[in-house]
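Working through the structure, step by step
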Amino acid sequence: MINFPPIDLASFSWEALATLVTGLAAVTAAAWVGRRQTAILASQAAVQRYDLIAKLFELRSAAYYDVRSHLSWVVAHSARPDAEQNAAFARAVERCRFLFPEALYEHVRDIDRRLDVYQRAHASVERRERRGEEFGDTLEKEGDLFAEIATLLRELPDVFAPHIRIGLEP
């Protein structure tokens, strides 16, 4: 065991005290700066998180708007959209894959499939009309599909609403 000599208060020097006080001040300042830097880092992380939430909101809103616009156009014109509109809708469907939960993405894909069936039925009715042929049950089928599309359009805000909101959770 090592024996340390007792502190001799008679040999006290101001230089030793100054060294101890300076060291203590340096350690205290370093601790304060460290705590301050940690607080700054936490607030920067919060700002970045809110920025990501805002960007996600914007992307989700854009995807919703594209899906709604396409459905609205089909219902308003009760006709087949042109190739450019169909391509924009297809891109919106693909964006939904990455922006929304799987169940909502599958719902949008189901909308896409129903639109495809409606567009084929509509094209069949137009062909028969041009040729002067009987419609048979094709016209009724097209009407039923159109009613489904209109219902999907009415329900769309309720389907998307839980996923398009600004909150603390993405």
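Scroll up a little and you will see the structure.
Keep in mind it's a predicted model, so treat the numbers as computed, not measured.

1. Brief notes about the overall build of the protein chain
- Each helix and strand in the protein chain was counted, giving 4 helices and 0 strands.
- Mapped from its N terminus to its C terminus, the protein chain presents α and β elements in the order α-α-α-α.
- Radius of gyration (C-alpha) of the protein chain: 34 Å, far over the 15 Å computed for a compact globule of 170 residues.
- Overall, the C-alpha framework of the protein chain stretches about 120 × 30 × 25 Å when taken along its three principal axes.
- When each of the 170 residues of the protein chain is scored for burial, the buried share is 22%.
- Put simply, of all contacts in the protein chain between residues at least 6 apart along the chain, 71% involve residues at least 24 apart.
- Approximately 12100 Å² of the protein chain is accessible, and the part contributed by carbon and sulfur atoms is 60%.

2. Some remarks on the environment of Ser124
- The residue Ser124 is located in helix H3 (residues 102-131) in this model.
- Taking the C-alpha atoms as reference, Ser124 lies 35 Å from Arg60; in sequence the two are 64 residues apart.

3. So, helix H2 (residues 83-99)
- For H2, spanning 17 residues, the distance from its first C-alpha to its last is 24 Å, which sits close to the expected 24 Å at 1.5 Å a residue.
- If you check which residues of H2 are buried, you get Phe89, Ala92, Val93, Cys96 and Leu99. For H2, the angular spread of buried residues about the axis comes to 130°, placing them on one side. Counted as exposed and oriented over 90 degrees from the buried face of H2: Ala83, Glu84, Arg91 and Phe98.
- Buried residues along H2 sit in contact with helix H1 (14-77) and H3.

4. So, the nonpolar core
- Val67, Leu71, Phe100 and Phe160 are the most contacted members of the largest nonpolar core, which has 25 residues in total.
- Ranked by the residues each element gives to this core, the list is headed by H3, at 7 residues.
- Excluding residues within four positions of it along the chain, Phe100 makes contact with Arg60, Ala63, Phe160, His163 and Ile164.

Cut-offs applied
- Residues numbered from 1 in each chain as written.
- Predicted model: local features only at pLDDT ≥ 70, side-chain atom pairs only at ≥ 80, totals over all residues.
- Heavy atoms only, no water.
- Helix = DSSP H or I, 4+ residues; strand = E, 2+ residues; numbered from the N terminus.
- Rg over C-alpha atoms; globule rule 2.2 N^0.38 Å.
- Buried < 20%, exposed > 50% of the residue type's maximum accessible area, 1.4 Å probe, protein only.
- Contact = heavy atoms within 4.5 Å.
- Areas by Shrake-Rupley, 256 points an atom, 1.4 Å probe, with all protein chains shown as cover.
- Expected span 1.5 Å × (residues − 1).
- Arc of directions from axis to C-beta.
- Core = buried A, V, L, I, M, F, W, Y, C linked by side-chain atoms within 4.5 Å.

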